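Geometric and topological summary
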Amino acid sequence: MNPYDFQPAAREARIRANTPGSLAAYTRSQKSLAGGVSTALRRSAKPYPMFYSHGEGAWITDVDGNRFIDYTLAWGPLILGHAPATVNDALAAQLPKGHTFGAQHALECEAAELLCEAIPCAGKVAFANSGTEIVQVALRLARAITGRALYLKFEGHYHGWDDSVLVSYKPAAADCGSMSPIPVGTGQRPWSGAVVARWNDRASVAAAFAAHHGEISAIICEPMLCNSGCLPPLDGFLEFLRETATAEGALLIFDEVITGFRLSIGGGQAYYGVTPDLATFAKACGGGLPLSVLAGHDDYMSWIAEGKVVHAGTLNGNPLALAAAVASLRALTPGVYTRLDQLGRVLRSGLEEALRAKGVPVVTTGEGAVFQLHFQAETPREYRDTLAANKALYADFLLALLDAGVLALPDGRWYLSAAHGEDVVEETLRRVRGL
Ligand SMILES: Cc1ncc(COP(=O)(O)O)c(C=O)c1O
């Protein structure tokens, strides 16, 4: 069967006709803002990056007044949806008291206590502002504790945009033959300290440790590979990483920037029942404000407490971000996750059914509130398997979705929030069937 034709030319013409305000704003922003956007990935939006005026719950409205059901959720942070009342109230209460003190305040204790209660590996926590920063603290800590310079990462996993970790993230098919770290952009320092292995592939992990015996300070991974296809660990793989790290004298770090508070309130480690030595959180933990968290066993966090490992940042632990975090953490009850899980299943199977009915080969992977649509026949298990997807057809689908008032991320990932009711999911499926 021929793949379904989503009629991209007609869709694009209609979108352009309906979004003159976004095009005008983008034209303006390109004159003063590098690339016209604030982070590289947003530039890839087709036909051009849209400009939004406000969001409410599961919906977002652009500057031309078009309303969209939002499955991008700001690339992950909005686990409670747009502008939830509980976070708004917490921010409104904090605003007149001050935005940042550069000093201690009670919300730090409240947030830290909630996090230590929720996260299995958290004897103590430390705050920063972005996922990129907090991963650097975790890797520095691992180097200090082990006295080793290298770390092991997996192909396809993303740990922020620092030179040291921005390697072998979505390498092209032609580059996949080599396990050498491949920088993503120009200007990156040539030595990253990374040793690269393949996700869900025990042999590649064993080979990396054999080749660098006694040199690897940590294994870092997303406990579910969200950044390259929402690929869960195969049965026993996280346990294998846990055992390998311990046997090799390395630390196990879970980068829970996405899985944290999306799979469960205790992150991927609680969801999968494997406890790392250190874990990093961002996105959903800040309830939409910039916040990141390092969590770890007391024995490790004492290196920060005693000043042997430097962790710094002017805006770290600012009261606005922590007010939003405390409000979000309190709102994320077990019932929220049960509902997200159920809704995720309904949406995933509904999308599969609707797309297959149109002749599109599709499989989905992931869990509850974050999953991936792959336009391919075989279910992928590791990054290289995702290269089989029909990306051009997915781009056409995305354009058709936009035309139908549904927003999704360009890479095939879908995020759900607690504000997405059954009615919203049903409306989404109705629109997809009608494409
Ligand atoms: C798993 C993971 N780690 C780290 C980061 C970097 O976080 P930030 O964009 O807040 O710097 C991201 C961002 O998407 C991520 O998904």
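Here the structure is a predicted model, which is why all the values come from computation and not from measurement. (Residues numbered from 1 in each chain as written. Predicted model: local features only at pLDDT ≥ 70, side-chain atom pairs only at ≥ 80, totals over all residues.)

**Examining the environment of Gly 193**
Among the secondary structure elements, Gly 193 is positioned in the loop between β5 (150-154) and β6 (194-197). A tally of 20 C-beta atoms within 10 Å means that Gly 193 is categorised as buried. When neighbours within four sequence positions are excluded, Gly 193 is seen to be in contact with Ala 149, Leu 150, Tyr 151 and Ser 164. (Helix = DSSP H or I, 4+ residues; strand = E, 2+ residues; numbered from the N terminus. Buried ≥ 20, exposed ≤ 12 C-beta atoms within 10 Å, placed from the backbone. Contact = placed C-beta atoms within 7 Å.)

**What about the domain arrangement of the protein chain?**
According to the domain assignment, the protein chain contains domain 1 (8-79 + 336-433) and domain 2 (86-331). At the junction of the two partners, domain 1 supplies 23 residues and domain 2 supplies 26 residues. Listing elements by their share of the side of domain 1 that touches domain 2, those giving two or more residues are β11 (363-367) and β12 (370-374). Ranked by residue count, the leading element in the side of domain 1 that touches domain 2 is β12, at four residues. Its residues assigned to classes, the side of domain 1 that touches domain 2 comprises eleven nonpolar, seven polar and five charged. (Domains from an automatic or database assignment. Nonpolar A, V, L, I, M, F, W, Y, C, P; charged D, E, K, R; others polar.)

**Notes on the sheet that holds strand β14 (residues 413-415)**
Read from one edge to the other, the open sheet built from three strands follows the order β11-β12-β14, with strand pairing classed as antiparallel. Strand pairing shows two members of the sheet lacking a second neighbour, β11 and β14, which therefore form its edges. The sheet shows a mean angle of 25 degrees between the axes of neighbouring strands, direction not considered. Pairing between β12 and β14: three bridges, direction antiparallel. By the bridge assignment, Val 370 is partnered in β14 with Tyr 415. (Pairing = 2+ DSSP bridges. Axes fitted to C-alpha atoms, helices over the stretch in contact; angles between N-to-C directions.)

**Points about the site of the ligand**
Around the ligand, 13 residues are found, and the nearest of them are Ser 130, Gly 131, Thr 132, Gly 160 and Val 257. Examining the composition of the shell around the ligand, we find that three residues originate from one element, helix α5 (residues 131-146), more than from any other. Classifying every residue of the shell around the ligand gives five nonpolar, six polar and two charged. (Near = placed C-beta within 6 Å.)

**Some points on unusual backbone geometry**
Residue Pro 47 is reached from Lys 46 by a cis peptide bond, and omega for that bond is -5 degrees. Assignment of secondary structure puts Pro 47 in the loop between α2 (20-30) and β1 (52-56). Unlike most non-glycine residues, Gln 7 shows phi in positive territory, near 55 degrees. Relative to the elements of secondary structure, Gln 7 occurs in the segment before α1 (8-18). Residue class for Gln 7 comes out partly exposed when judged on the 15 C-beta atoms lying within 10 Å of it. The backbone phi angle of Ala 74 is positive, close to 60 degrees, even though this residue is not glycine.

**Overview of the sheet that holds strand β4 (residues 124-128)**
Remark on secondary structure: sheet strands pair via backbone hydrogen bonds, oriented parallel or antiparallel. A sheet is described by the order of its strands in space; here seven strands give the open sequence β4-β10-β9-β8-β7-β5-β6, paired in mixed fashion. Each of the sheet's edge strands pairs with one partner strand only, and the pair in question is β4 and β6. Each strand of the sheet is rotated relative to its neighbour by a mean of 20 degrees, with strand direction disregarded. Note that β5 and β6 share four bridges and pair parallel. Each residue of the ladder has a partner; that of Tyr 151, found in β6, is Ala 194. With respect to the sheet, helix α6 (residues 202-211) is in contact with β5, β6 and β7 (216-221), its orientation differing from that of β6 by roughly 150 degrees. Its contacts with the sheet place helix α9 (residues 298-305) against β4, β9 (278-281) and β10 (292-296), and it is angled at close to 45 degrees to β4.

**Some points on the packing of helix α11 (residues 334-357) against helix α13 (residues 422-433)**
Their axes nearest at 10 Å, the elements α11 and α13 cross at an angle of 10 degrees. Regarding the angle of α11 to α13, the classification is roughly parallel. Note on element contacts: α13 touches α11 through Glu 422, Val 425, Thr 428, Leu 429, Val 432 and Arg 433, opposite Leu 343, Val 346, Leu 347, Gly 350, Leu 351 and Ala 354. Grouping the amino acids of the contact of α11 with α13 by side-chain chemistry returns eight nonpolar, two polar and two charged. (Parallel < 35°, antiparallel > 145°, perpendicular 65-115°, else oblique.)

**Observations concerning the nonpolar core**
Counting residues in each nonpolar core, the largest one holds 130 residues, and the members touching the most others are Ala 138, Ile 219, Ile 253, Leu 278, Val 293 and Ala 295. Of the residues forming this core, the biggest block, nine residues, is contributed by helix α10 (residues 319-331). Counting contributing residues per domain, this core is built from domain 1 (8-79 + 336-433) and domain 2 (86-331), each supplying no fewer than three. For Val 293, the residues in contact, after removing those within four places along its chain, are Leu 115, Val 125, Phe 127, Ile 134, Phe 281 and Cys 285. (Core = buried A, V, L, I, M, F, W, Y, C linked by C-beta atoms within 7 Å.)

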